[in-house]
Amino acid sequence: MATKQQQREETTKALIATARRLFAADGYAVTSLEAIARETGVTKGALYHHFGSKQGLFNAVLAQVQEEVASEVARAAEAQTTLWAGLIEGCAAFLDASSNPKIQQIMLIDGPAVLGWHQWRQLDEASSAKHLSEALHALIEEGIIRSQPVEPLAHLLSGAMNEAALWLAESDDRPADLAHARAALTMMLEALRS
């Protein structure tokens, strides 16, 4: 028999999984707490007990999504044999992951709208943007990229990739447009080399 702590953890996981599926499919504004509770098989009171509010539940979903994308970026970068290839493949992995409509809806469309730009940026900076900044610092230290302040460069690259992901959401030919976006991103990055 499961302990109360195990039951709480299982309920929390189930609520996040259901909310993630509904937020991704319908968006934050359309998704109701009643639907999440009903589909999870818990009361609305239980949902409030675990997350406090719809926004609290969304925060947990967004954190999970951002963590998964950051892990994919890090995995792709770390699989490379050079820092430069790691940057290229890490950025490509971000584009690949964030071009998924279910990720876009939560991370790029609803995230800034629900949390506000400042809080959303803080979460982003703690995940994918952190990996990007670390990679840029390492490349500058190795002399692969011209010496320059990393913060504005990281924000510019992050903004370009986020915008490309949003553009891909509207694409009629996502595989072809994703390939074009990756090629354009690689050309942008190549311009940074010493």
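Note that the structure is predicted; figures quoted are calculated from it, not measured.

A. Quick peek at the packing of aromatic side chains. If you walk through the whole model with that rule in mind, you get 4 aromatic pairs. Taking the centre distance of 5.3 Å and the plane angle of 70 degrees together, the rings of Phe23 and Phe58 count as edge-to-face. In this pair, Phe23 is assigned in helix H1 (residues 4–26) and Phe58 in helix H4 (residues 54–78), connecting sequence segments 35 residues apart. Judged on exposure class, the residue Phe23 and its partner Phe58 are both buried. Among the aromatic side chains, those forming a connected cluster through ring pairs are Phe23, Tyr28 and Phe58.

B. Main features of helix H8 (residues 128–141). Helix length check: H8, at 14 residues, gives a terminal C-alpha distance of 20 Å against a target of 20 Å (1.5 Å per residue), a fit within 8%. Every buried residue of H8 is listed here: Ser128, Ala129, Leu132, Leu136, Leu139 and Ile140. The arc that holds the buried residues of H8, viewed along the axis, is 100 degrees, so those residues lie on one side. Where H8 is buried, its residues contact H4, helix H5 (83–98), helix H7 (117–126) and helix H9 (150–169). After H8 finishes, the residue Gly143 shows a positive phi value of roughly 80 degrees.

C. Structural context of the packing of helix H2 (residues 33–40) against helix H3 (residues 44–51). Running from N to C, H2 and H3 cross one another at 100 degrees; their axes reach a closest spacing of 9 Å. For the element pair H2 / H3, the angle class is roughly perpendicular. Residues Leu33, Glu34, Ile36 and Ala37 of H2 pack against Lys44, Leu47 and Tyr48 of H3. Within the contact of H2 with H3, the residues separate by chemical class into 5 nonpolar, no polar and 2 charged.

Cut-offs used in this document
Residues numbered from 1 in each chain as written. Predicted model: local features only at pLDDT ≥ 70, side-chain atom pairs only at ≥ 80, totals over all residues. Heavy atoms only, no water. Phe/Tyr/Trp six-rings, centres within 6.5 Å; stacked < 30°, edge-to-face > 60°. Helix = DSSP H or I, 4+ residues; strand = E, 2+ residues; numbered from the N terminus. Buried < 20%, exposed > 50% of the residue type's maximum accessible area, 1.4 Å probe, protein only. Expected span 1.5 Å × (residues − 1). Arc of directions from axis to C-beta. Contact = heavy atoms within 4.5 Å. Axes fitted to C-alpha atoms, helices over the stretch in contact; angles between N-to-C directions. Parallel < 35°, antiparallel > 145°, perpendicular 65-115°, else oblique. Nonpolar A, V, L, I, M, F, W, Y, C, P; charged D, E, K, R; others polar.

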